[in-house]
Amino acid sequence: MTDLLSVEGLTRHFGGIAAVVNLHFRVKEGEIFGIIGPNGAGKTTAFSMIAGSLVPTVGSIRFRDREIGGWPSQRVVHLGICRTHQIPRPFTGMTVYENVEVGMRYGGRRTPPRGSIADEIERILEFTGLSGWGARPAGSLPTGNRKRLELARALATDPVVLLCDEICGGLNPTETADILSLLRRLRDGGITILYIEHDMRAVMRTCDRIMVLNYGEKLAEGTPEEIQDDEGVIEAYLGRRSWMGRAEPIEERP
Amino acid sequence: MTAAPGSRTPTSRTAYAVAALALLAFLAVPLVGITNNAIRLLLTTFLWVTTSLAWNLLGGVTGQVSFGFAVFYGLGAYTAGLSINGGVNPYAAIAAGGAVAAFGSLLIGLPTFRLRGPYFAIATIGVNEAVRIVMSNLEITGGASGLRLLQAGRFSQAEHYYAALGVAALAFLVSWRVMHSTFGLALRAIREDQDAAADVGVHPFRCKLAVHALAACLTGLAGGVFAHYSAYIHPDGVFAFATSTSILLMPVIGGLGTLSGPVIGAAVYSIVQEEMVVNFPQFHLLLYGALLILIMLFEPGGLAGLWRRLARRLRGRNAADPGAGIAAQQQPTGGGS
Ligand SMILES: Nc1ncnc2c1ncn2[C@@H]1O[C@H](COP(=O)(O)OP(=O)(O)OP(=O)(O)O)[C@@H](O)[C@H]1O
Ligand SMILES: [Mg+2]
């Protein structure tokens, strides 16, 4: 498998704060690449730079053979990299259907929709468990469905790389299991996934490889087994040796 | 502020019928021997309907509040006025007014659309004042004393009336097209969350420039018709900040993001102006202030929203099936696109 995305020396400062520091990593085509780390470790900031929402202070982001660091979001999306938001950002005054339609029509799809656009939207709503919700205003969705809508809208752009930012945050175990199986199905369908998550069980079960961030820097990288045994990682998580086995998220999320 | 839910539903037959009937009625008005004063009032209303619909495209649908539409009204008026004085056919002169206003909107939009929300709004106030001051001091346009249009080749009253009606009908048609198009979908997404829209591929800056130009063009056409009709324009009239706030006020009162709202708002505004300004100068400002506050507090959908709510309540009381109202609200939208 080849590297689809490679990040080198990626750094981002906010005033005096260094949110991401000299980050290096490579993501292979067709894997689920997990990113974990304590609150404020710089996970979302790294995502935002890849997705074009934030301009890197320094560093390079390469997608296939193209340098995309500093590109605006809409250009990055048209190349095939699409993100979801940690705190869902639906177009609240529009229907669920229309939310997905925006991604479908403007996402610069590389493959045409199967059947009509309406068919394809319906298929995506069904896949994400939102069928029957299409006519509802997105602002009226409960949290779980807002997360699903984030996923649906991103999928509508027909991404090559999907950046999922805590897509299971705040969901109950059943809903979480549901979303995780969707992610695996997407990966099996050929989409490469970068996945930020706090729920350790979810990460360990789902990811092919994991990178651990702490204070903006990479602490470790490897398969779930390697990460589980990494002394540095265990220390970063307050020395709790038992953290890996917990069913509930290791940090309570708002 | 949110648009009417389902504003992308296929327009109902009744809506088409109402629009067509209204157009026919307005076309017939000059033929039925109505007073000149009534024609003048209707003509003025058409011009305000045009600017109101135009502003709504940028402010209501796209959510970019501009206090600078007098610039486009004035550019249209002055371009038409100068062209007519230069011997250009009045229709071509009015069209040129629209084109120059659209071009002006690009020059204004390129820097100001880098700003967001209140910063954009404030920047447009600055642009409006700057343009007014420049126009007050520009000699070739007559400076502060204004521009008098030559009388040769003037329209009849009916011709002025039809020009205004034509521009309003165009604004209505353009608004309808935009609001039911894929472009309109992107504009609404930008209004809801510009960054999230960009994250799924919308180019907010380009979309804003495009809709700004469209709105400016319509506003410029209205300014052109106005210049030809009134035969005298001056910077403290067409370029006045008060003109910008009037253009903004109408769609806000009527209901943002809808088609009917800006039309209703313009009609209400025109009638209030006509009745109040003569008899109670200054009092109309109080009325607008009160209306604005009431709308912001109780009915963000404006008069159109109030009307929808009343209609729903009345229908709900008469309907035999209590579920009917809910079913109507949940009609799937956008499916037939
Ligand atoms: N727009 C911003 N302006 C200023 N500081 C910011 C901004 N965004 C993030 N930061 C800071 O950068 C650091 C990293 O934040 P980031 O959101 O990337 O962390 P995270 O790993 O995603 O955390 P969480 O698990 O809480 O989502 C934090 O200290 C945060 O306060
Ligand atoms: Mg985060």
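No experiment lies behind these values; they were computed from the predicted model shown. (Residues numbered from 1 in each chain as written. Chains lettered and ligands numbered in written order. Predicted model: local features only at pLDDT ≥ 70, side-chain atom pairs only at ≥ 80, totals over all residues. Heavy atoms only, no water.)

Engineer: Is there a simple way to think about the coordination of the magnesium ion (ligand 2) in this case?
Structural biologist: Angles at a metal have ideal values that depend on geometry: 109.5 degrees with four tetrahedral donors, 90 or 180 degrees with six octahedral donors. Residue and element names in this part refer to chain A. Distances from the magnesium ion (ligand 2) to its protein donors, Thr-44 (OG1) and Gln-86 (OE1), fall at 1.9 to 2.2 Å. Taken together, the residues Thr-44 in helix α1 (residues 43–51) and Gln-86 in the loop between β6 (81–83) and α3 (96–106) connect sequence positions 42 residues apart. For Thr-44, a relative accessible area of 27% puts it in the partly exposed group. (Donors = N, O, S within 2.8 Å, 3.2 Å for Na, K, Ca; no water. Helix = DSSP H or I, 4+ residues; strand = E, 2+ residues; numbered from the N terminus. Buried < 20%, exposed > 50% of the residue type's maximum accessible area, 1.4 Å probe, protein only.)

Engineer: Teacher, can you tell me more about the pattern of salt bridges here?
Structural biologist: For side chains bearing opposite charge, pairing can occur when the charged atoms are close. Residue and element names in this part refer to chain A. Counting across every chain of the model gives 22 salt bridges over all chains. Arg-109 is paired through a salt bridge with Glu-120; the nearest N and O atoms lie 3.8 Å apart. With Arg-109 in the loop between α3 and α4 (117–127) and Glu-120 in helix α4, this pair connects stretches of sequence that are 11 residues apart. Each member of the pair, Arg-109 as well as Glu-120, is classed as buried. When the shortest N-O distance is used, the salt bridge between Glu-150 and Arg-153 registers 3.4 Å. You can see Glu-150 and its partner Arg-153 sitting in helix α5 (residues 143–155), 3 residues apart, about one turn around the helix. Take Glu-150 and Arg-153: they sit in the same class, and that class is buried. Residues participating in the shared-partner salt-bridge network are Glu-31, Arg-209, Lys-218 and Glu-221. (Salt bridge = Lys/Arg side-chain N within 4 Å of Asp/Glu carboxyl O.)

Engineer: Can you help me understand the interface of chain A and chain B in this one?
Structural biologist: Think of interface size as the accessible area that goes away when the parts come together; that is how it is often given. Residue-level contacts link 27 residues of chain A with 27 residues of chain B. At the boundary of chain A with chain B, total buried surface from both sides reaches about 2,300 Å², with 56% on carbon and sulfur atoms. A per-residue breakdown of the area chain A buries against chain B is headed by Gln-74, Phe-91 and Tyr-106 of chain A, which together make up 26% of the total. For the interface between chain A and chain B, the tally reads 3 salt bridges. In this structure, the salt-bridge partner of Arg-188 of chain B is Glu-98 of chain A, at a minimum N-O distance of 3.0 Å. In this assembly, chain A and chain B are joined by 13 residue pairs in polar contact (both at pLDDT 80 or more). Among the elements that line the side of chain A that touches chain B, the one with the most residues is α3 of chain A, at 7 residues. (Contact = heavy atoms within 4.5 Å. Buried area = accessible area lost by both parts, 1.4 Å probe. Polar contact = N/O pair within 3.5 Å; in protein donor to acceptor, adjacent residues only side chain to side chain.)

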